[in-house]
Structures are given as structure tokens and as C-alpha cells.
Amino acid sequence: MSAPTSAVLAALWRGGLLESVHTGAVAVCTADGTLIEGWGDPDRVILPRSACKMIQALPLVESGAADAARLGPEQLALACASHVGAAAHTDRVLAWLNSLGAAEDALRCGAHDPSDAAALAALAGGPAGQRHNNCSGKHAGFVTLSRHLGAGPEYVEIDHPVQRQVRLTIAEVCGEEPAGYGIDGCSAPNFAVSLRALAAGVARFAVPDTLGDRRGSAARRLVEAMIAHPLLVAGETRPTTQLMRAAAGRAAVKSGAEGVFVAILPERGLGLALKVDDGAERAARAAVAALLARYGAIDPLDPAVATLIDQPQYNASGRHAATLSAADILRPSPR
């Protein structure tokens with residue numbers, strides 16, 4: 001089997017010299033699946049990781065489970081979130097579970113320390129809970145759907161009705177049968193699709209009428225929730241939140257582990273998906289910021305955006321020592 005074709009997506013420059021490069025692939029698609037731009041191999045199969053959470057959340061909404069549980073936009077944003085475990089996230093997750101008559105032990109995501117500094121300090125060295133897991137909102141959604149279906153508590157198992165619905169939804173929305181699956185960091189199955197299919201799938205969120213009435217309405221609600229609550233989708237200082245704030249309604253953005261990002265561009269009717277070969281988050285955030293600027297969703301001169309496209313690297317003395325920059329091929333075309 002030949003190695004996939006890759007393109008340079010970001011590079012580290014130090015003293016005017018090229019020090020390191022990050023390669024990968026990008027697909028930009030319309031809702032009918034047309035590839036309008038691509039770099040590297042858009043047909044490579046990837047594990048989208050948390051970048052596909054809005055697709056995983058579709059069954060929660062289109063099944064009627066969200067309405068039956070009286071979930072609002074904040075809960076829907078959390079269902080799509082990879083959050084930092086701040087109180088703004090964990091308090092809402094616990095309140096959501098309590099509204100179901102469930103406790104934290106209904107989750108199957110496992111516990112890890114929050115990445116939010118205040119939340120970590122509040123633990124005072126004590127153990128973190130599952131509420132602090134960055135995927136606890138997604139799992140609260142799975143608990144809600146499982147109870148609505150009258151299914152059992154082990155909703156992360158591959159043959160559980162929740163995961164059967166998730167797999168079917170990914171296949172239908174992306175227009176491609178998953179090539180397999182891996183177990184994600186939160187224990188849920190993560191279904192593998194091509195970058196092109198993933199980009200086409202999120203483009204259908206940008207043009208939800210293409211998904212039919214029920215599914216289109218569900219997709220629209222999830223996108224609107226993400227755009228309305230960027231803090232809940234990630235957290236302060238996180239690129240996903242920063243980029244959605246900068247986009248001011250022109251994009252819904254979602255990161256995934258191992259250098260994956262997707263973006264939904266409603267004004268353009270486009271979806272984009274990218275994967276960095278070595279999984280470097282710094283390269284993925286530079287690349288997606290440059291692409292969002294390329295498609296007019298953000299202003300590349302916005303200071304919050306500019307420092308993502310060209311990321312200054314400081315040494316221990318606080319001196320600017322290097323810059324991690326998005327590749328020129330991804331940046332806005334000169335006018």
C-alpha cells in the first residue's frame with residue numbers, strides 16, 4: 001500500500017531558516033459532494049475524532065430525545081463540545097444529568113483533570129470527575145438518547161442502539177460507509193471516513209435543507225447552538241472558541257484530536273476538513289485559521305486570528321524565538 005500524498009500545511013521558521021514542517025491533507029466541499037479545493041490526498045481515510053461531534057449529536061435531536069428532555073441551545077452546544085472542564089461546562093453537564101434523574105456515574109467517558117486552570121486549582125489535588133472529561137457533554141447527549149430509546153446504560157458499546165444510530169447517521173450524512181472504527185479517548189467508537197466525505201458531510205450542515213426536513217432542522221439547531229455558545233464548545237484561550245468568536249456567525253468550527261479540524265461555512269455553503277499527518281495541534285489550528293480567512297469567514301488582520309495563522313514561539317526568557325506559520329497555499333488569494 002502506497003503512502004498517502006501529503007502537502008505542507010504549516011512550517012516553523014527560526015532566524016529566517018526553515019526548521020520544521022507539518023504535512024497533511026485538506027478537503028473543501030459543497031453540499032452535493034463536489035470537491036472545490038484540496039491539498040494532499042482528500043480521499044485519505046481518517047478517524048475524525050471529536051471533529052465529528054455535531055454528526056454524532058444528530059440522533060439526539062432528530063429522534064426527539066432532545067425535545068423530550070427539554071434541552072436548549074446550551075445543552076446542544078455541549079453535546080458538540082470538547083471543553084476544558086471549567087465550571088461553565090461541568091455545572092451545566094451535572095444540571096443536565098440531574099434533569100434526567102441521572103448522576104455523574106451514568107457517564108462512560110472516564111475522568112481526567114480539567115485543562116482549565118481555575119477548575120484544576122479548585123480540585124486542590126483531589127480526583128477529577130467524569131464531568132471534567134472534555135467529552136462529558138457528548139456523553140450526556142448519549143445518556144439522553146439511550147434513555148429515550150429505552151436502551152441499556154452501556155451506550156459506548158459498538159452494538160448498542162445509540163452507536164448503531166451514530167454509525168448510520170455518519171454513513172448517511174457523509175455519503176460513505178465507514179471504513180472501520182477506533183475507540184476514542186472517551187471510550188466511544190469513532191468511525192473512519194475519507195476527508196472528502198467528512199467535508200461534504202459538514203457542508204450539508206451548512207446547507208441543512210439538503211438533509212431533509214427532520215434531519216435538516218436538527219442540523220440547523222446544532223450549528224446555531226455552536227455559533228451562539230462558542231465558549232461552551234471549547235473554552236477561553238482555545239482556538240475553536242477564538243475562531244468562532246472571530247467569525248461572528250459565519251462559521252462553526254470543531255477540532256479533533258491528532259490534528260483534525262472541520263468548519264461549517266453557512267454563508268458559502270461549504271464544509272472543510274483537514275488532517276495533519278503528525279497530529280500536531282499547532283499546525284492544525286494555523287491551517288484552519290488560514291482557510292477560514294481564505295473563505296472570508298474571518299479577518300486575517302484580527303489580532304486573535306493573526307496569532308493563530310502565524311504563531312509566535314517564545315523561549316524561557318520570553319523572547320520571540322520562532323514562528324509557526326500556515327502554508328502560503330492555504331492563505332487568502334491576493335486580490
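1. Some points on a nonpolar patch on the surface
A contiguous nonpolar patch, built from Val8, Trp13, Leu18 and Val21 and spanning about 350 Å² of accessible area, is present on the exposed surface. If you trace the backbone, Leu18 turns up in strand S2 (residues 17-30). With a relative accessible area of 48%, Leu18 lands in the partly exposed category.

2. With respect to the pattern of salt bridges
Going through the model one piece at a time under the given rule, you end up with 17 salt bridges. Put simply, Glu19 and Arg14 hold a salt bridge, and the shortest N to O gap is 2.6 Å. A relative accessible area of 44% places Glu19 in the partly exposed class. Measuring nitrogen to oxygen at the nearest pair gives 2.8 Å for the salt bridge that ties Arg215 to Glu172. Of the two residues, Arg215 is situated in helix H10 (residues 213-228) and Glu172 in helix H8 (residues 161-174); the sequence distance between them amounts to 43 residues. Residues joined in a network through salt bridges with shared partners are Glu62, Glu172 and Arg215.

3. A look at the pairing of strand S3 (residues 35-39)
Bridge analysis of S2 against S3 gives four bridges, and the strand direction is antiparallel. Bridge assignment links Val26 to a residue of S3, and that residue is Trp39.

4. Observations regarding the side chain of Thr30
For Thr30, the location among the structural elements is in strand S2. Here Asp32 takes part through its side chain, which lies 2.4 Å from a polar atom of the side chain of Thr30.

5. Considering the packing of aromatic side chains
In this description, a pair of aromatic rings is defined by centroid distance and the angle of the planes. The final tally for this structure, using the stated rule, is two aromatic pairs. On the basis of an interplanar angle of 55 degrees and a centroid distance of 5.8 Å, the ring pair of Phe142 and Tyr155 is categorised as tilted. With Phe142 in helix H7 (residues 136-149) and Tyr155 in the loop between H7 and H8, this pair connects stretches of sequence that are 13 residues apart. Arranged with centres 6.0 Å apart and planes meeting at 50 degrees, the rings of Tyr181 and Phe191 form a pair that is tilted. Residue Tyr181 is located in strand S5 (residues 181-183), and its partner Phe191 is located in strand S6 (residues 189-191); the two are separated by 10 residues in the primary sequence. Assessed through its relative accessible area of 2%, Phe191 is described here as buried.

6. Observations concerning the nonpolar core
Counting residues in hydrophobic clusters, the biggest one holds 108 residues, and the most contacted among them are Met54, Ile55, Phe205, Leu274 and Leu292. Among the elements that line this core, the one with the most residues is helix H13 (residues 281-294), at 10 residues. Those residues in contact with Met54, other than ones at most four positions away along the chain, are Cys80, Val202, Phe205, Leu222, Met226, Lys254, Val262 and Ile264.

7. A word on helix H9 (residues 195-206)
With 12 residues, H9 extends 17 Å between its outermost C-alpha atoms, agreeing within 8% with the 16 Å of an ideal straight helix rising 1.5 Å per residue. With 11 of 12 residues buried, H9 is to be regarded as a mostly interior element. Regarding H9, the residues found buried are Leu195, Ala197, Leu198, Ala199, Ala200, Gly201, Val202, Ala203, Arg204, Phe205 and Ala206.

8. Observations regarding the pairing of strand S9 (residues 260-265)
Burial analysis of S9 places six of its six residues in the buried class, which makes it a mostly covered element. Residue alternation in S9 divides its side chains into two sets, Val260, Val262 and Ile264 and Phe261, Ala263 and Leu265, and both sets are buried. Relative to S9, strand S8 (residues 252-256) is paired through five bridges, and the arrangement is antiparallel. Residue pairing for S9: Gly256 is matched across the bridge by Val260.

9. So, H8
In a regular helix each residue adds 1.5 Å, so 14 residues correspond to 20 Å; H8 covers 20 Å between its end C-alpha atoms and thus fits that length. All of the buried residues along H8 are Val162, Gln163, Val166, Thr169, Ile170, Ala171, Val173 and Cys174. Phi for Gly175, located one or two positions after H8, is positive at around 70 degrees.

Reading the values: rules and limits
Residues numbered from 1 in each chain as written. Predicted model: local features only at pLDDT ≥ 70, side-chain atom pairs only at ≥ 80, totals over all residues. Heavy atoms only, no water. Patch = residues over 30% accessible without salt bridge, like charges linked within 9 Å, V, L, I, M, F, W, Y side chains within 5 Å. Areas by Shrake-Rupley, 256 points an atom, 1.4 Å probe, with all protein chains shown as cover. Salt bridge = Lys/Arg side-chain N within 4 Å of Asp/Glu carboxyl O. Helix = DSSP H or I, 4+ residues; strand = E, 2+ residues; numbered from the N terminus. Buried < 20%, exposed > 50% of the residue type's maximum accessible area, 1.4 Å probe, protein only. Pairing = 2+ DSSP bridges. Polar contact = N/O pair within 3.5 Å; in protein donor to acceptor, adjacent residues only side chain to side chain. Phe/Tyr/Trp six-rings, centres within 6.5 Å; stacked < 30°, edge-to-face > 60°. Core = buried A, V, L, I, M, F, W, Y, C linked by side-chain atoms within 4.5 Å. Contact = heavy atoms within 4.5 Å. Expected span 1.5 Å × (residues − 1).

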